[in-house]
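Architecture and fold: a report
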Amino acid sequence: MAASTSVVPVAVAAAVVPSVATTVDFSDLREIKKQLLLIAGLTRERGLLHSSKWSAELAFSLPALPLAELQPPPPVTEEDAQDMDAYTLAKAYFDVKEYDRAAHFLHGCNSKKAYFLYMYSRYLSGEKKKDDETVDSLGPLEKGQVKNEALRELRVELSKKHQARELDGFGLYLYGVVLRKLDLVKEAIDVFVEATHVLPLHWGAWLELCNLITDKEMLKFLSLPDTWMKEFFLAHIYTELQLIEEALQKYQHLVDVGFSKSSYIVSQIAVAYHNIRDIDKALSIFNELRKQDPYRIENMDTFSNLLYVRSMKSELSYLAHNLCEIDKYRVETCCVIGNYYSLRSQHEKAALYFQRALKLNPRYLGAWTLMGHEYMEMKNTSAAIQAYRHAIEVNKRDYRAWYGLGQTYEILKMPFYCLYYYRRAHQLRPNDSRMLVALGECYEKLNQLVEAKKCYWRAYAVGDVEKMALVKLAKLHEQLTESEQAAQCYIKYIQDIYSCGEIVEHLEESTAFRYLAQYYFKCKLWDEASTCAQKCCAFNDTREEGKALLRQILQLRNQGETSTSEMPAPFFLPTSLSANNTPTRRVSPLNLSSVTP
């Protein structure tokens, strides 16, 4: 990736936005800061507060500009001057969420800024009424039933303006949002791409576009402007598409060129490590981020997921209390508290807080997925299915929701359904061993043993998180009386769990030693059979079998039976495997609720 990327000028309307330099690369951070400060002001004037905050945070991470280089405010046009009084009054109403009132006073205004605020006020009024009606009349699991009645009218009006080429970058953004809300995805993508060309500095348009892209192939066919903002977009979309290696390369490049102090980039890097389950690295980055920006709430729900997986109750409790003090009515705060109660196995309370999060924001993906997990814990499968389906409606790329649906239908003993959902989860996370093991189990239940074997082997090849793929593959070989292949799988399993250096007992360890002891006994490899039988004696469920096999070996040796030399032993015990380091702590490798927050 080239270090220098051309910057497209902010081209709204010449009369509205002053022209900026046409070419600049990442080495000219002063020019980038000027553009960020400019767009932060423009978005703030139009009530696009999240985009304004993003631009301001990014600008803050760059060195301060000297007085001589500060940008003058945009020039006021004749149309702006005529609409100034109405705009100033309406913006005051807009800021206190009196959207209908703001729209009333902006009706008939001609300037682009006033027209955008007029249309945006009508859109937000419809959204507010929809949310109010939802909260009053329905439970959070039925939020999709209520519609924003203003959308169709807005689409008709914006469509006319669009055809007449009268929409600026902000107008195109709003038109795209309306189309997305009406589920006109293809048209919405085209409009958002157009918006990024007309106004490449507006992060909101890039983010909306990101939410509509479902795979890398779709991304390749988009004609995007060649601007430095594209680098932030690509890093974000790679993270969303689980292309974590590419995302981390992009973010590292942005850090190297001068954005090392950006809390946004630091948090995105932490999220990327969370997505590839590098928990220690992600926790370390989040802890640093908390020191750098102690009142930050964004992404803290992801931080709480990591604390949940590691069962760090005291740290999670501290985070929940801290966020409550900052803002108890933020969606992320509710999710953190929900995770805290879930870790304490208070699943009803956890579900209550996830519901509270959804009342605050019905489109908050994490809350739907986490609520599905809680309903699963409470054995309420129908509510879990509904919650996971809502999560997929919000974001079809959420592998956790697809995986959760697969687990739910597995409980309901509907293997064809769970096969479909596990396949979808696997498509989104092709290198996640949990998806492959789940697929293998489904194929096994459907008696498609060849496919099951492929899944288990692939799960082992990509790095088996739960150390169960080889055991399941070995048992499959046992069923098919393929004793040598089964033995090889058990051997690899034993070598893997002892080579990792952790003194932890895996549930299937005794099963592996029992099978290998019997296998070597049949092969007349007395030394190897004796070693495995001795290991069997260390486990309660195989102790008697191990002792019986040792007696048989001793008896055969006393009778003069010699160990065969025809078949070479395929197994060499790891040096760490000895009688005095028997695992002492039992950890269930299939505790899916703890590994899928």
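What you see is a predicted model, and the numbers here were worked out from it, not measured in a lab. (Residues numbered from 1 in each chain as written. Predicted model: local features only at pLDDT ≥ 70, side-chain atom pairs only at ≥ 80, totals over all residues. Heavy atoms only, no water.)

Overview of the overall build of the protein chain
- Helix and strand content of the protein chain: 30 helices and zero strands.
- Going through the 597 residues of the protein chain one by one, you find that 54% of them count as buried.
- Sequence-distant contacts in the protein chain: of pairs separated by 6 or more residues, those separated by 24 or more amount to 60%.
- Here the protein chain displays about 28,000 Å² of accessible surface, and carbon together with sulfur accounts for 51% of that area. (Helix = DSSP H or I, 4+ residues; strand = E, 2+ residues; numbered from the N terminus. Buried < 20%, exposed > 50% of the residue type's maximum accessible area, 1.4 Å probe, protein only. Contact = heavy atoms within 4.5 Å. Areas by Shrake-Rupley, 256 points an atom, 1.4 Å probe, with all protein chains shown as cover.)

Things to note about the packing of helix α11 (residues 229-240) against helix α12 (residues 244-259)
- For the pair α11 and α12, the least separation of the axes is 8 Å and the interaxial angle reads 150°. Comparing the axis directions of α11 and α12 gives the class roughly antiparallel. As for how α11 packs across α12, the hand of that crossing is left-handed. Two secondary-structure elements touch here, α11 through E231, F232, L234, A235, H236, Y238 and T239 and α12 through I244, E246, A247, K250, Y251, H253, L254 and F259.
- Partitioned by chemical class, the residues of the contact of α11 with α12 number nine nonpolar, three polar and three charged. (Axes fitted to C-alpha atoms, helices over the stretch in contact; angles between N-to-C directions. Parallel < 35°, antiparallel > 145°, perpendicular 65-115°, else oblique. Left-handed = near helix turned anticlockwise from the far one by under 90°. Nonpolar A, V, L, I, M, F, W, Y, C, P; charged D, E, K, R; others polar.)

Considering the pattern of salt bridges
- Here the structure, examined in full by the defined rule, presents 29 salt bridges.
- Salt-bridge contacts for E127 lead to K181; the nearest nitrogen and oxygen are separated by 3.0 Å. Separated by 54 residues along the polypeptide, E127 in helix α5 (residues 112-137) and K181 in helix α7 (residues 169-181) bring together distant segments of the chain. Taken individually, E127 and K181 each receive the classification buried, so the pair is uniform in this respect.
- Through salt bridges that share partners, E45, R46 and K113 make up one connected network. (Salt bridge = Lys/Arg side-chain N within 4 Å of Asp/Glu carboxyl O.)

A look at the packing of aromatic side chains
- For the structure on display, the rule yields 30 aromatic pairs.
- Linked through ring pairs, W54, W203, W228, F232, F259 and Y264 together constitute an aromatic cluster.
- The ring of Y87 carries K113 above its face, with NZ or CZ at 4.6 Å from the centroid.
- The aromatic ring of W402 is capped on one face by R424, whose charged end is 4.2 Å from the ring centroid. (Phe/Tyr/Trp six-rings, centres within 6.5 Å; stacked < 30°, edge-to-face > 60°. Lys NZ or Arg CZ within 6 Å of the ring centre and 35° of its normal.)

Focus on the confidence of the model for the protein chain
- The predicted model of the protein chain has a mean per-residue pLDDT of 83, with 86% of residues at 70 or higher.
- Averaged over each element, pLDDT in the protein chain is lowest for helix α30 (residues 592-595) (30) and highest for helix α17 (residues 331-343) (95).
- A low-confidence stretch, residues 1-24 stays under pLDDT 50, and its non-local contacts, those more than four residues away or across chains, total 69 contacts.
- Throughout residues 565-597 the model reports pLDDT below 50, and contacts reaching past four residues in sequence, or to other chains, amount to 68 contacts. (pLDDT = per-residue confidence, 0-100.)

Looking at the packing of helix α23 (residues 433-445) against helix α25 (residues 469-479)
- Closest axis-to-axis distance for the α23/α25 pair is 10 Å, and the angle between their directions is 20°. By the angle between their directions, the pair α23 and α25 is classed as roughly parallel. Crossing of α23 over α25 shows left-handed handedness. Two secondary-structure elements touch here, α23 through V437, E441 and E444 and α25 through A469, K472, L476 and Q479.

Topic: a nonpolar patch on the surface
- A cluster of nonpolar side chains, namely L37, L67 and L70, defines an oily patch on the protein surface of about 310 Å² accessible area.
- By secondary structure assignment, the location of L67 is in the loop between α2 (49-60) and α3 (78-95).
- Take L67: its relative accessible area is 73%, and that puts it in the exposed class. (Patch = residues over 30% accessible without salt bridge, like charges linked within 9 Å, V, L, I, M, F, W, Y side chains within 5 Å.)

With respect to helix α15 (residues 300-309)
- Counting buried positions over the 10 residues of α15 gives 10, a clear majority of the element.
- For α15, the full list of buried residues reads M300, D301, T302, F303, S304, N305, L306, L307, Y308 and V309.
- Of the residues one or two after α15, S311 is the one with positive phi, at around 55°.

Things to note about the UniProt feature "repeat: TPR" (unreviewed entry) in the protein chain
- If you check UniProt for "repeat: TPR" (unreviewed entry), the listed places come out as residues 331-364 and 365-398 in our numbering.
- Split by type, residues 331-364 is 79% helix and 0% strand. Its first and last C-alpha atoms lie 8 Å apart.
- Helix makes up 79% of residues 365-398 and strand 0%, with an end-to-end C-alpha separation of 8 Å. (UniProt positions renumbered as here; feature names shortened; annotations may be inferred.)

A closer look at the environment of L37
- Positionally, L37 belongs in helix α1 (residues 29-45).
- In the structure, L37 is positioned 23 residues away from F60 in sequence and 9.1 Å away in space, judged by C-alpha atoms.
- Look past the residues within four positions of L37 in its chain and what remains in contact with it is A59 and L65.

Some details on unusual backbone geometry
- Notably, Q242 is not glycine yet its phi reads approximately 65°, a positive angle.
- Taking relative accessible area as the criterion, Q242 reaches 19% and is therefore assigned buried.
- The phi torsion at R277 lies on the positive side, around 65°, for a residue other than glycine.
- Tracing the backbone through its elements, the reader meets R277 in the loop between α13 (263-275) and α14 (279-292).

A closer look at the environment of K281
- Position of K281 among the secondary structure elements: in helix α14.
- For K281, a relative accessible area of 40% puts it in the partly exposed group.
- As for K281 and A270, which are separated by 11 residues in sequence, their C-alpha atoms are 7.6 Å apart.

Section: helix α16 (residues 313-327)
- Between its first and last C-alpha, α16 extends 21 Å over 15 residues, near the 21 Å set by a 1.5 Å rise per residue.
- Listed in full, the buried residues belonging to α16 are L316, S317, L319, A320, N322 and L323.
- Contact partners of the buried residues in α16: α14, α15 and α17. (Expected span 1.5 Å × (residues − 1).)

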